[in-house]
Amino acid sequence: SECLNWEANLGGTELNPVLENIFGKPPNLEEHPRVILVLTDGAVYNREQVVCSVRRNSELSVVHCVGIGTDVDHILVESLACAGIQSIFFCYYYYY
């Protein structure tokens, strides 16, 4: 499988350019509501920009957020919830 060759550079998450690209396209709300699922396992360097992008576009998009792992930026996920996210969920994994 191709995903077996993927590598992480651990350089951080560039979330805002992706969201802005999606929000920049007009939704077809009559046929398909725009639903966005944000998965994050770390932090972003521009948290406030990401939150503002979601807040500005919350009327035309349904956004859900899943924070994965123990290193997730809780402030980011919880701030997104206040900015108009429909639901948030935290998922942790523990090694025994």
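A. Region of interest: the overall build of the protein chain. Broken down by element type, the protein chain carries three helices and three strands. Starting at the N terminus, the α and β elements of the protein chain follow one another as α-β-α-β-α-β. The buried share of the protein chain, taken over its 96 residues, is 30%. A fraction of 65% describes how many contacts in the protein chain between residues 6 or more apart in sequence connect residues 24 or more apart.

B. Region of the structure containing the packing of helix H1 (residues 15-23) against helix H2 (residues 47-56). H2 packs onto H1 with a crossing angle of 15° between their chain directions and a minimal axis gap of 9 Å. Considered as vectors, H1 and H2 are oriented roughly parallel to each other. Crossing handedness for the pair H1 and H2: left-handed. Of the residues in H2, those in contact with Leu 15, Asn 16, Leu 19, Glu 20 and Phe 23 of H1 are Gln 49, Val 50, Ser 53, Val 54 and Arg 56. Across the contact of H1 with H2, the residue classes break down as five nonpolar, three polar and two charged.

C. Quick peek at the pattern of salt bridges. The full count for this structure, using the stated rule, is two salt bridges. Here Arg 56 and Glu 20 are joined by a salt bridge, their closest N and O atoms 2.7 Å apart. A residue pair is termed long-range when its members are at least 10 positions apart, and Arg 56 in helix H2 and Glu 20 in helix H1 qualify at 36 residues. Where Asp 73 meets Arg 47, a salt bridge forms, and the shortest distance between an N and an O atom there is 3.1 Å. Taken together, the positions of Asp 73 in the loop between strand E2 (61-68) and helix H3 (74-82) and Arg 47 in helix H2 put the pair 26 residues apart, joining distant regions of the chain. A relative accessible area of 9% places Asp 73 in the buried class. For Arg 47, a relative accessible area of 31% translates into the label partly exposed.

D. Spatial organisation of the environment of Glu 20. Note on Glu 20: relative accessible area 30%, which makes it partly exposed. Put simply, Glu 20 and Ser 53 are 33 residues apart on the chain and 6.9 Å apart in space, counted from C-alpha to C-alpha. In contact with Glu 20, other than residues within four places in its own chain, are Ser 53 and Arg 56.

E. Spotlight on the environment of Ala 83. Among the secondary structure elements, Ala 83 is positioned in the loop between H3 and strand E3 (87-91). The contact partners of Ala 83, leaving out residues within four places of it in the chain, are Val 51, Val 54, Arg 55 and Ser 58.

Rules of the game
Residues numbered from 1 in each chain as written. Predicted model: local features only at pLDDT ≥ 70, side-chain atom pairs only at ≥ 80, totals over all residues. Heavy atoms only, no water. Helix = DSSP H or I, 4+ residues; strand = E, 2+ residues; numbered from the N terminus. Buried < 20%, exposed > 50% of the residue type's maximum accessible area, 1.4 Å probe, protein only. Contact = heavy atoms within 4.5 Å. Axes fitted to C-alpha atoms, helices over the stretch in contact; angles between N-to-C directions. Parallel < 35°, antiparallel > 145°, perpendicular 65-115°, else oblique. Left-handed = near helix turned anticlockwise from the far one by under 90°. Nonpolar A, V, L, I, M, F, W, Y, C, P; charged D, E, K, R; others polar. Salt bridge = Lys/Arg side-chain N within 4 Å of Asp/Glu carboxyl O.

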